[in-house]
Amino acid sequence: MKNQSLIWVNHGNSIKWEDLSNLYKIAPLGDKSPDKLELVFNNSMFKYFVYDGEKLVGVGRALADGFDCSYICDVAIHPDYQGRGLGKTIIEKLVEDSKEHQKILLYAVPTKEPFYAKFGFCRMKTAMAIFKRQEWAREKGLVE
């Protein structure tokens, strides 16, 4: 990665959740409230918050049960830091943290599958989902 001065944090103790909410908006990964982000990150077994000084520039988490399944999700990179390998490094760390699980899952934004294939992820034939906003998921191409 080009910027070696980044600070990696793997706990939520000192996170400014409003900063994370803002990162999600500009990444863009959607509009998620600070309190909901605090809830989901604190309930995740593995998590990374990446800072350049005081600026939050990248995050990712894996919701894992300790044995069977680890689900990697919510990887977001600040637009100014995209294309530098930061997302790749976050995924590598989450995969490494999850390596003892029987399976590691994620779902990719359509057209991003080749990026995740580089880490060994394969397209599943049997995955199914229920989204709270099912019509939105159809419009985004996440479900048929």
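Our structure is the block above this text.
Residues numbered from 1 in each chain as written. Predicted model: local features only at pLDDT ≥ 70, side-chain atom pairs only at ≥ 80, totals over all residues. Heavy atoms only, no water.

A.B. asks: Mind showing me how you'd approach the sheet that holds strand β3 (residues 55–64) here?
C.D. replies: Adjacent strands of a sheet form backbone hydrogen bonds with each other and so pair up, either parallel or antiparallel. With mixed pairing, five strands are arranged side by side in an open sheet as β1-β2-β3-β4-β5. Either end of the sheet is taken by a strand with one partner, and the two such strands are β1 (7–9) and β5 (103–105). Strand-to-strand twist in this sheet, taken as the mean axis angle between neighbours without regard to direction, amounts to 20 degrees. Note: strand β2 (residues 46–52) against β3, seven bridges, orientation antiparallel. The residue bridging V50 from the neighbouring strand is G58, located in β3. Here helix α1 (residues 17–26) sits on the sheet and contacts β2, β3 and β4 (69–77); the angle it forms with β3, its principal contact strand, is near 90 degrees. Most of the contacts of helix α3 (residues 86–97) go to β4, to which it runs at about 165 degrees, and overall it touches β1, β2, β3, β4 and β5. (Pairing = 2+ DSSP bridges. Helix = DSSP H or I, 4+ residues; strand = E, 2+ residues; numbered from the N terminus. Axes fitted to C-alpha atoms, helices over the stretch in contact; angles between N-to-C directions. Contact = heavy atoms within 4.5 Å.)

A.B. asks: What is the right way to read the nonpolar core from this model?
C.D. replies: Most often, soluble globular proteins keep nonpolar side chains buried together rather than apart. Core analysis: the largest hydrophobic core is formed by 19 residues, its most contacted members being I72, V75, L86, I90 and L94. Only β2, β3, β4 and α3 provide two or more residues apiece to this core. At four residues, α3 tops the list of elements feeding residues into this core. Not counting residues within four places of it along the chain, the set of residues in contact with L94 comprises F46, K47, Y48, G60, R61, A62, I72 and V75. Grouped together as the second largest cluster of nonpolar side chains are 14 residues, L23, Y24, A27 and A76 included. (Core = buried A, V, L, I, M, F, W, Y, C linked by side-chain atoms within 4.5 Å. Buried < 20%, exposed > 50% of the residue type's maximum accessible area, 1.4 Å probe, protein only.)

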